[in-house]
Amino acid sequence: MSALTLINARLGAEAQALQTLYVQDGRFVSAPSAGAEILDLQGKLLLPGLVETHIHLDKACIMQRCQLSEGTLAEAIAQTRSAKADFTEADVYQRGAQVLEKAITQGTTHMRTHVEIDPQIGLTGFNAVRRLQADYAWAISLEICVFPQEGLLNNPGTEALLCEALAMGAEVLGGCPYTDADPDAQIRRLFELAVAFDSDLDFHLDFDLNPEGMTIGEVIRCTHQHGWAGRVTIGHVTKLSTLPRDTLLEVAASLAEAGVQVTCLPSTDLFLTGREHFHNRPRGLAPLQHLHACGVTCSLSTNNIGNPFTPYGDASLVRQANLFANVSQLATEAELLRCLSWVSSESARLLRLPDYGLTPGCRADFIVFDAPSPAAVVAEISPPLMGYKAGRKTFERAQARLLKP
Ligand SMILES: [Zn+2]
């Protein structure tokens, strides 16, 4: 494979500390290789590729097939269910490819995607996403999390299909406990399956602003029971936003101690929650800044694009980091860097990616920005100018140019 030498790369806010990095056979190495191609970054900012931990490719870009009147979670699930009746493998593939291509040009080099499995859709979505995984491996590493969006214990036939997908190579098992009459029972069953298949777990845990009825306790209990620390993620968890400080800090300490990780999906959570309030509408985002301070591994992600759960989206993780910072009133350089870490280094930790970063041995997945600092990338929602996957260039974007008279 080819070798590459990156000169005049800026890794932080310090313009005077321009660096040289070496790439060989798809990884960063500590010394130059003979005959390496030289890429002069001219002081531009170099960051490792962005990491999406939670996105639904199978139900993206279906807004024109849906009719929204209430904007509630129940309506989103119902509208998506009826659209899903017409999904074919070719259709899922085409819409998924559209989102993947956007994500690649926004600098994402690794992605965990959630795929719905139930007796209605069967393995149609899963098979389409498996083809996407292979066809786009040149630009993005895709890991598949199969999950029962329509319920598990309430929906006979679903468990056998999930097991079939896991046996076929789905990397992660997901859950949606609030769709079953007994959410704790779904959590317990999914842990048993995860242990049987040696899979990590990723739950859509709760999705409302009622502090009652939290299922976090059962997730923590099962994580301890099965020794699954660091392998369990809970997403949305909007109930966490309703807790007073002392209670939140207690829950955060138990999450950190158990090794249960948290993902916030700002765009979806802002769109769907709090609609029962006409005035003083709450923001409803899991408070990652406080969870992180207590030692919880966290990430920010996109979740949905162009569907009744989230009618918006350009697959930019930097935009999600900016949105979270804005809504959570985070603004110092340290806070903006923290938000960036939740779409990069902390996301990589959450997904247990062993070779993430810019140091020798890491996979040479990186992106380049025309921005004064990493914090400014978040503050200004800077678009990446180019990106590399395993040392090979995957996209470039022309810089805008003023045409003064
Ligand atoms: Zn989701």
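Residues numbered from 1 in each chain as written. Predicted model: local features only at pLDDT ≥ 70, side-chain atom pairs only at ≥ 80, totals over all residues. Heavy atoms only, no water.

Some thoughts on the overall build of the protein chain
Tallying secondary structure elements over the protein chain gives 13 helices and 16 strands in all. Whereas a compact globule of 405 residues would reach a radius of gyration of roughly 22 Å, the protein chain reaches 21 Å, a difference of no more than 12%. Its C-alpha atoms put the protein chain at 60 × 55 × 45 Å along the principal axes. Sequence-distant contacts in the protein chain: of pairs separated by 6 or more residues, those separated by 24 or more amount to 78%. Total accessible area on the protein chain is roughly 16300 Å²; 51% of this is exposed by carbon and sulfur atoms. (Helix = DSSP H or I, 4+ residues; strand = E, 2+ residues; numbered from the N terminus. Rg over C-alpha atoms; globule rule 2.2 N^0.38 Å. Contact = heavy atoms within 4.5 Å. Areas by Shrake-Rupley, 256 points an atom, 1.4 Å probe, with all protein chains shown as cover.)

Side note on the packing of aromatic side chains
Under the defined criterion, the tally for this structure stands at 7 aromatic pairs. Between the NZ or CZ atom of arginine 231 and the centre of the ring of tryptophan 228, over which it lies, the distance is 4.2 Å. Between arginine 275 and the ring centre of phenylalanine 271, over which it is positioned, the NZ or CZ distance is 4.6 Å. (Phe/Tyr/Trp six-rings, centres within 6.5 Å; stacked < 30°, edge-to-face > 60°. Lys NZ or Arg CZ within 6 Å of the ring centre and 35° of its normal.)

Structural notes on the nonpolar core
One finds Val146, Ile234, Leu255, Leu288 and Leu291 to be the most contacted residues of the largest nonpolar core, which totals 95 residues. The greatest single-element share of this core, amounting to 7 residues, is contributed by helix H2 (residues 89-105). Counting contributing residues per domain, this core is built from domain 1 (4-49 + 356-396) and domain 2 (50-350), each supplying no fewer than three. Apart from residues no more than four positions distant in its own chain, leucine 255 is found in contact with Ile216, Ile220, Ile234, Val260, Val262, Leu291 and Val296. Counting 16 residues, the second-largest nonpolar core is a separate cluster that includes Leu21, Val23, Cys362 and Val368. (Core = buried A, V, L, I, M, F, W, Y, C linked by side-chain atoms within 4.5 Å. Buried < 20%, exposed > 50% of the residue type's maximum accessible area, 1.4 Å probe, protein only. Domains from an automatic or database assignment.)

Focus on the sheet that holds strand S5 (residues 45-48)
Through backbone hydrogen bonds, the strands of a sheet pair up, either in parallel or in antiparallel fashion. Within the open sheet, the 4 strands sit side by side as S5-S14-S15-S16. Their pairing is antiparallel. Of all strands in the sheet, those bounded by a partner on one side alone are S5 and strand S16 (392-396). On average, each strand axis in the sheet is inclined to that of its neighbour by 25°, with strand direction left out of account. With 4 bridges connecting them, strand S15 (residues 386-389) and S16 associate as antiparallel partners. By the bridge assignment for S16, glycine 387 is matched with phenylalanine 395. (Pairing = 2+ DSSP bridges. Axes fitted to C-alpha atoms, helices over the stretch in contact; angles between N-to-C directions.)

Section: helix H3 (residues 124-135)
Taking 1.5 Å of rise per residue, the 12 residues of H3 would be expected to cover 16 Å, and the 17 Å separating its terminal C-alpha atoms lies within 8% of that figure. All of the buried residues in H3 are Gly125, Phe126, Ala128, Val129, Leu132 and Gln133. Down the axis of H3, the buried side of the element spans an arc of 165°, and every buried residue falls inside it. Where H3 is buried, its residues touch H2, strand S7 (108-116), strand S8 (141-147) and helix H4 (158-167). (Expected span 1.5 Å × (residues − 1). Arc of directions from axis to C-beta.)

A few points about the state of the cysteines
Summed over the entire model, instances satisfying the criterion amount to 0 disulfides. Cysteine 66 supplies the cysteine sulfur nearest to cysteine 61, a cysteine that is in no disulfide, at a spacing of 11 Å. In this structure cysteine 61 comes out as buried when scored by relative accessible area, which is 14%. (Disulfide = S-S within 2.5 Å.)

Description of the layout of surface pockets
Put simply, the largest pocket is a space of about 250 Å³. Around the largest pocket, the lining is made up of 15 residues, and of these Ser241, Leu285, Pro287, Gln289 and Ser328 lie nearest the centre. If you list the elements that add at least two residues to the lining of the largest pocket, you get helix H9 (288-293) and helix H10 (317-327). Grouping the constituent residues of the lining of the largest pocket by class yields 8 nonpolar, 6 polar and 1 charged. Taken together, 13 residues line the second largest pocket, and the ones lying closest to its centre are His110, Leu353, Asp355, Arg363 and Asp365. (1 Å grid on protein atoms, 1.4 Å probe; cavity = no way out; pocket = protein on both sides within 12 Å on 5 of 7 lines; lining within 4 Å. Points joined across faces, edges and corners; volume = space filled by probe spheres on them. Nonpolar A, V, L, I, M, F, W, Y, C, P; charged D, E, K, R; others polar.)

Here's the deal with the domain arrangement of the protein chain
Domain boundaries in the protein chain define domain 1 (4-49 + 356-396) and domain 2 (50-350). Look at where the C-alpha atoms of domain 1 and domain 2 centre, and you get two points 29 Å apart. At the interface, 21 residues of domain 1 touch 24 residues of domain 2. Taking both partners together, domain 1 and domain 2 bury about 1800 Å²; carbon and sulfur atoms supply 71% of that area. Considering only the surface of domain 1 that becomes buried against domain 2, Val378, Ile381 and Lys389 emerge as the three largest contributors, covering 32% of it. Linking domain 1 with domain 2 are 0 salt bridges. Those elements giving two or more residues to the side of domain 1 that touches domain 2 turn out to be S5, helix H13 (374-380), S15 and S16. Residue contributions to the side of domain 1 that touches domain 2 peak at 5 residues, all from H13. Of the residues in the side of domain 1 that touches domain 2, the class split is 14 nonpolar, 3 polar and 4 charged. (Buried area = accessible area lost by both parts, 1.4 Å probe. Salt bridge = Lys/Arg side-chain N within 4 Å of Asp/Glu carboxyl O.)

Some words on the sheet that holds strand S9 (residues 172-175)
Pairing is parallel in the open sheet, where 8 strands are placed in the order S6-S7-S8-S9-S10-S11-S12-S13. The sheet is open, and its two edges are formed by strand S6 (50-55) and strand S13 (298-300), each paired on a single side. If you compare each strand with its neighbour and ignore which way they point, the axes differ by 25° on average. In terms of strand pairing, S6 meets S7 through 4 bridges, oriented parallel. In the sheet register, glutamate 52 faces S7, and the bridge partner there is methionine 111. Against the sheet, helix H6 (residues 216-226) touches strand S10 (200-206), strand S11 (232-236) and strand S12 (260-264), its axis set at about 165° to S11.

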